[in-house]
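# A structural walkthrough
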Amino acid sequence: VPAESTKCEKCHETLVQFGEEVTREIVYVPASLVIKEYVRPKLKCPACKDKVYLSPPPPRLFDKSYASPSLVTGIMTGKYCDHIPLFRQETIFKRNGMCIPRSSMCRWIGEACDRYLIPIADEVLKGIMSGHLVNTDDTPHPVMDDKKCCKGYMWVYVGGSDPKWKSVYYDFTLSRSREGPEAMFKEYKGYIQADAFPGYDCLFEDEDRIEVACWAHARRKLFDTKELYPANAECIIGLIRKLYDVEDKARGLPPTAVQALRIKESRPLLKDIYKVLCAWDQE
């Protein structure tokens, strides 16, 4: 408060504070690069002079590298979360007064994956395959191979032994052959939920693996038959809709309550669907 405004304009009494008002604005603070130095004194005996005492250096992310964990994680976050290519990050670093070649960044990412991330991913996959149910699907993805763009496939595996927390694992292949999921489920025993992709058929040749079909894909085929068999198709589609309604009720319930609800409401619907299918088959 300016000095001339500390007196009452009417009676000239000194003003007394009885509260305050706060005004806020958002201020942008650009990221900065800091060189952190660790100084380790060298000690020696003035009499013997045959040995130098030096404390060990701090642990490094990579051997003989000046890259810190925060720098490498920032680069990886920029590339994979914010979609900032390494050549653009190189320009950003130069603008902040630091020359970090993209070749170095590329090498750091590879070493970080090999040394730190792949072991974590392997443990995630072990956790998924230790459960009794795994959901899987694939998605085509363009990828550069030998300086040309081709189609690759990203496979997702969801599951785990903890019903409250599901883990997710991604595997990438350059083809949609059965070798991809076959390698993942090599030691697995339990339920597998997937679509009708023929590449999954080999998995169920082993009795220890049980196929769990997808209602969304089954429902899709019924829509294809509506023109030829409208009554039966509409009837089954309506029953499937009721199955989805049961799942809406089950969302958020504990596993035992979900099981009880499905036994009570879904099982009769499945029997009705079976009856309609049998009658349809006899027409």
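Residues numbered from 1 in each chain as written. Predicted model: local features only at pLDDT ≥ 70, side-chain atom pairs only at ≥ 80, totals over all residues. Heavy atoms only, no water.

### Here's the deal with the overall build of the chain
- Across its full length, the chain holds seven helices and seven strands.
- Taken over the C-alpha trace, the chain has a radius of gyration of 32 Å; the compact-globule value for 283 residues is 19 Å, which it surpasses by more than 25%.
- Considered along the principal axes of its C-alpha atoms, the chain spans approximately 95 × 85 × 45 Å.
- Looking at the 283 residues of the chain, the share that counts as buried comes to 24%. (Helix = DSSP H or I, 4+ residues; strand = E, 2+ residues; numbered from the N terminus. Rg over C-alpha atoms; globule rule 2.2 N^0.38 Å. Buried < 20%, exposed > 50% of the residue type's maximum accessible area, 1.4 Å probe, protein only.)

### So, the pairing of strand β5 (residues 167–173)
- In β5, alternate side chains face the same way, and those of S167, Y169, D171 and T173 are buried while those of V168, Y170 and F172 on the opposite face are not.
- Across seven bridges, the pairing between strand β4 (residues 148–159) and β5 is antiparallel. Pairing of Y153 across the sheet is with T173, part of β5. (Pairing = 2+ DSSP bridges.)

### Overview of the sheet that holds β4
- Here five strands make up an open sheet; going across it, the order is β5-β4-β3-β6-β7 and the pairing mixed. Here the strands that pair on one side only, and so sit at the sheet edges, are β5 and β7 (209–212). In this sheet, neighbouring strand axes are inclined to one another by 30° on average, regardless of whether the strands run parallel or antiparallel.
- Relative to strand β6 (residues 190–193), strand β3 (residues 133–145) runs parallel, the two being bridged by three bridges. Bridging from a neighbouring strand, V134 pairs with I192 of β6.
- Lying over the sheet, helix α3 (residues 102–129) contacts β3, β4 and β5, oriented at roughly 115° with respect to β5. (Axes fitted to C-alpha atoms, helices over the stretch in contact; angles between N-to-C directions. Contact = heavy atoms within 4.5 Å.)

### Things to note about the pattern of salt bridges
- Applying the stated criterion across every chain yields a total of eleven salt bridges.
- Ionic pairing is found between D245 and R241, a salt bridge with its closest N-O pair at 3.3 Å. Residue D245 and its partner R241 are both found in helix α6 (residues 230–250); the two are separated by four residues, about one turn of the helix.
- In this structure, the salt-bridge partner of E247 is R262, at a minimum N-O distance of 2.8 Å. Residue E247 is found in helix α6, and its partner R262 is found in helix α7 (residues 255–282); the two are separated by 15 residues along the sequence.
- Judged by its relative accessible area of 40%, R262 falls in the partly exposed class.
- In this structure, a network of salt bridges that share partners links the residues R241, D245, D248 and R251. (Salt bridge = Lys/Arg side-chain N within 4 Å of Asp/Glu carboxyl O.)

### Some details on the environment of F93
- Along the polypeptide, F93 turns up in helix α2 (residues 86–95).
- A residue is classified by how much of its surface remains accessible, and F93, at 11% relative accessible area, is buried.
- Sequence-wise, F93 and P57 are 36 residues apart; in three dimensions their C-alpha atoms are separated by 26 Å.
- When neighbours within four sequence positions are excluded, F93 is seen to be in contact with L33, L71, I75, M98, I100 and M105.

### A few points about the environment of E187
- Take E187: it is sitting in the loop between α4 (179–184) and β6.
- Linking E187 and T14, residues 173 residues apart in sequence, is a C-alpha distance of 84 Å.

### Observations concerning the packing of helix α1 (residues 69–80) against α3
- α3 packs onto α1 with a crossing angle of 100° between their chain directions and a minimal axis gap of 10 Å. Comparing the axis directions of α1 and α3 gives the class roughly perpendicular. Across from L71, V72, I75, M76, K79 and Y80 in α1, the residues of α3 making contact are M105, W108, I109, A112, C113 and L117.
- For the contact of α1 with α3, the per-class residue count stands at eleven nonpolar, no polar and one charged. (Parallel < 35°, antiparallel > 145°, perpendicular 65-115°, else oblique. Nonpolar A, V, L, I, M, F, W, Y, C, P; charged D, E, K, R; others polar.)

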